[in-house]
Amino acid sequence: MMRAKLKILLNPFVSIRKSTADNYFDVLDGWRGLSILFVLSAHLLPLGPKFLRLNETAGPIGMSLFFTLSGFLIANFLIHRPNISDFIIRRFFRIIPLAWLYLVVALPILGAGVDDYLPHFLFYGNWPLGEGATHLSFVAGTSHFWSLCVEMQFYVGIALLVFLLRGRGLLLIPFFCLFITFYRVNDGVHIAINTYYRVDEILVGVVVALAYNKKIGRFLPRFFEWVNPYYVLVLLLVSCHPDSGFMNYFRPYFAATAVAATLYSPAPHIKKFLNLKILIYLAGVSYALYVIHPLLTHTWLGSGETMEKYVKRPLLFAVLFLLAHLSTFYYEKYWISLAKKLTKKKGK
């Protein structure tokens, strides 16, 4: 009796989603769920002794996976539906409503200056401004918006590229990706939040999409089919550690290879794991979790000395997941549905 009750209780966490339509990349939801787990853990939990620097490792793992997924899905959309206005409407309606709502609530609470508002709302806060070109516009509680800046700038850039050169424009992405990485190497930048030092993590996802859709030859598909994802995950872990030196330059490529390997020939255990329903749910609410969580750490829920702060963590997580659920399935859902209606009308 007790075992049956326990099984019912744990079922949402351990049950596995059935495979969906052939053209749906079901394992990607699992990767997205993992990526937000890494990011939230890095920001909200103590991950072992400080000297191991695991918190500083978990964050880059989560973001590199997320950016790979973003680049892959965006490029796949544009390959099969190269309609720029549809693309912009769908992506902007996905990102902006919650981001702007968060800023409207958070910026006054966090004491942001008047000069900080525009870089936040127009998503260029991760570009150095001011004297000496070193000042960034973020305040405590909005610094995570750097990734939204990278995303939105990427959307505009790839939209312009496809608008000007059509499908041929996407074929330039592998060269842009390598250029950004070499630029990082030249400047000795292992990790940064500026688009010109970080966008290779998205661009490499575009490369995976090009390979998957047979746009850039056979070498990469054969490599992704051959490579062992377990070894790649170890390399990704090493490349995200702040003490790994030059290995940091390979972080985008290890993340992309890990994801791509599960698209081509996923190991059975990995595929089952990535289809856990709990990861699928986390993937669904991941954007809201990411956007909302920093503000909660600047409320009573995140206040106090170390012990007091972490005693409150379960309550903070409960509030965070409640807000994320409401945002995803009520507020964001409205805007996503509206974007789909608008693009369908345009198509007709």
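Coordinates for the structure precede this section.
None of these values were measured; they are calculated from a predicted model. (Residues numbered from 1 in each chain as written. Predicted model: local features only at pLDDT ≥ 70, side-chain atom pairs only at ≥ 80, totals over all residues. Heavy atoms only, no water.)

**Q** In this structure, what is going on with the overall build of the protein chain? I would like to understand it.
**A** What the protein chain contains, in helices and strands, is 16 helices and zero strands. Computed over the C-alpha atoms, the radius of gyration of the protein chain is 20 Å, within 12% of the 20 Å expected from 2.2 N^0.38 for a compact globule of 348 residues. The C-alpha extent of the protein chain, read off along each of the three principal axes, is 65 × 55 × 50 Å. Looking at the protein chain as a whole, 49% of its 348 residues qualify as buried. Taking contacts inside the protein chain between residues at least 6 apart in sequence as the whole, the part at least 24 apart equals 72%. Carbon and sulfur atoms form 69% of the exposed surface of the protein chain, whose accessible area is close to 18100 Å². With 34 positive and 17 negative side-chain charges, the protein chain shows a separation of 14 Å between the mean positions of the two kinds. (Helix = DSSP H or I, 4+ residues; strand = E, 2+ residues; numbered from the N terminus. Rg over C-alpha atoms; globule rule 2.2 N^0.38 Å. Buried < 20%, exposed > 50% of the residue type's maximum accessible area, 1.4 Å probe, protein only. Contact = heavy atoms within 4.5 Å. Areas by Shrake-Rupley, 256 points an atom, 1.4 Å probe, with all protein chains shown as cover. Lys, Arg positive; Asp, Glu negative; His and termini not counted. Charge placed at Lys NZ, Arg CZ, Asp CG, Glu CD.)

**Q** Any chance you could explain the nonpolar core here in plain terms?
**A** A general trend in soluble globular proteins is that nonpolar side chains are found buried together. Of all hydrophobic cores here, the largest spans 95 residues; its most connected members are Leu28, Trp31, Phe145 and Ile158. No other element matches the 12 residues that helix H6 (residues 145-165) contributes to this core. Here Leu28 is in contact with Leu69, Phe72, Leu73, Val259 and Leu263, once residues within four sequence places are set aside. (Core = buried A, V, L, I, M, F, W, Y, C linked by side-chain atoms within 4.5 Å.)

**Q** Just checking my understanding: could you explain the packing of helix H9 (residues 200-212) against helix H12 (residues 251-264) for this structure?
**A** In a packed pair of helices, the relevant descriptors are the angle between the two axes and the axis-to-axis distance. Running from amino to carboxyl end, H9 crosses H12 at an angle of 30°, the nearest separation of the two axes being 9 Å. Viewed along their axes, H9 and H12 adopt a mutual orientation that is roughly parallel. In terms of crossing hand, the pair formed by H9 and H12 is right-handed. Touching Asp200, Glu201, Val204, Val208, Ala211 and Tyr212 of H9 are Arg251, Pro252, Tyr253, Ala256, Ala260, Leu263 and Tyr264, all from H12. Of the residues that constitute the contact of H9 with H12, the class distribution is 10 nonpolar, no polar and three charged. (Axes fitted to C-alpha atoms, helices over the stretch in contact; angles between N-to-C directions. Parallel < 35°, antiparallel > 145°, perpendicular 65-115°, else oblique. Left-handed = near helix turned anticlockwise from the far one by under 90°. Nonpolar A, V, L, I, M, F, W, Y, C, P; charged D, E, K, R; others polar.)

**Q** What should I look at first to understand the environment of Phe317 in this one?
**A** Summarising the element assignment, Phe317 is placed in helix H16 (residues 313-347). Spatially, the C-alpha atom of Phe317 lies 18 Å from that of Ala58, the residues being 259 residues apart in sequence.

**Q** Is there a simple way to explain the packing of aromatic side chains in this structure?
**A** Working definition: an aromatic ring pair is given by the centre-to-centre distance plus the angle between the planes. Scanning the entire structure with this criterion turns up 24 aromatic pairs. Between Phe72 and Tyr212 the ring centres are 5.9 Å apart and the planes differ by 80°, which places this aromatic pair in the edge-to-face class. Of this pair, Phe72 sits in helix H3 (residues 54-80) while Tyr212 is found in helix H9, placing the two residues 140 residues apart along the sequence. The class of Phe72 is buried, set by a relative accessible area of 2%. Judged by relative accessible area, Tyr212 falls into the partly exposed class, the value being 29%. An aromatic cluster is built from Phe72, Tyr212, Phe219, Phe223, Phe224, Trp226 and Tyr264, whose rings are joined through pairwise contacts. (Phe/Tyr/Trp six-rings, centres within 6.5 Å; stacked < 30°, edge-to-face > 60°.)

**Q** Please clarify how a nonpolar patch on the surface should be interpreted in this entry.
**A** On the surface, Val156, Leu160, Phe163, Leu164, Leu165, Leu172, Phe175 and Phe176 cluster together into a nonpolar patch covering about 780 Å² of accessible area. Top contributing element to the nonpolar patch by residue count: H6, with five residues. Structurally, the position occupied by Val156 is in helix H6. (Patch = residues over 30% accessible without salt bridge, like charges linked within 9 Å, V, L, I, M, F, W, Y side chains within 5 Å. Salt bridge = Lys/Arg side-chain N within 4 Å of Asp/Glu carboxyl O.)

**Q** Just to check I follow, could you spell out H3 for this structure?
**A** In an α-helix, one turn spans 3.6 residues, which is why side chains three or four residues apart end up on the same side. In a regular helix each residue adds 1.5 Å, so 27 residues correspond to 39 Å; H3 covers 39 Å between its end C-alpha atoms and thus fits that length. Buried residues dominate H3, accounting for 20 of its 27 residues. (Expected span 1.5 Å × (residues − 1).)

**Q** Which parts of the structure should I look at to understand the packing of H6 against helix H14 (residues 277-297)?
**A** Relative to each other, H6 and H14 sit at 130°, their axes nearing to 10 Å. As far as their axial angle goes, H14 and H6 are oblique. Counted together, Phe145, Trp146, Ser147 and Leu148 of H6 and Tyr287, Tyr290 and Val291 of H14 form the full contact between these two elements.

**Q** Which parts of the structure should I look at to understand the environment of Trp226?
**A** By secondary structure assignment, the location of Trp226 is in helix H10 (residues 219-226). Expressed as a C-alpha distance, the spacing of Trp226 and Gly62, which sit 164 residues apart in the sequence, is 24 Å.

**Q** Could you clarify how one ought to interpret unusual backbone geometry in this entry?
**A** You will see that Arg53, though not glycine, has its phi angle at about 55°, which is positive. With respect to the helices and strands, the residue Arg53 is situated in the loop between helix H2 (26-44) and H3. Of note, the phi angle at Lys214 is positive, near 60°, even though the residue is not glycine. Along the chain, the position of Lys214 falls in the loop between H9 and H10.

**Q** Can you walk me through the pattern of salt bridges in this structure?
**A** Pairing is possible between side chains that carry opposite charge, provided their charged atoms lie close to one another. Following the criterion strictly, the structure yields eight salt bridges and no others. When the shortest N-O distance is used, the salt bridge between Glu201 and Arg251 registers 2.8 Å. Linking Glu201 in helix H9 with Arg251 in helix H12, this pair joins segments that are 50 residues apart in sequence. A relative accessible area of 0% means that Glu201 is categorised as buried. Exposure remark for Arg251: the relative accessible area of 0% places this residue in the buried category. The salt bridge involving Lys312 is made with Glu308; its shortest N-O contact spans 3.1 Å. Ionic contacts of the salt-bridge type, sharing partners, join the residues Arg53, Glu56 and Asp243 into one network.

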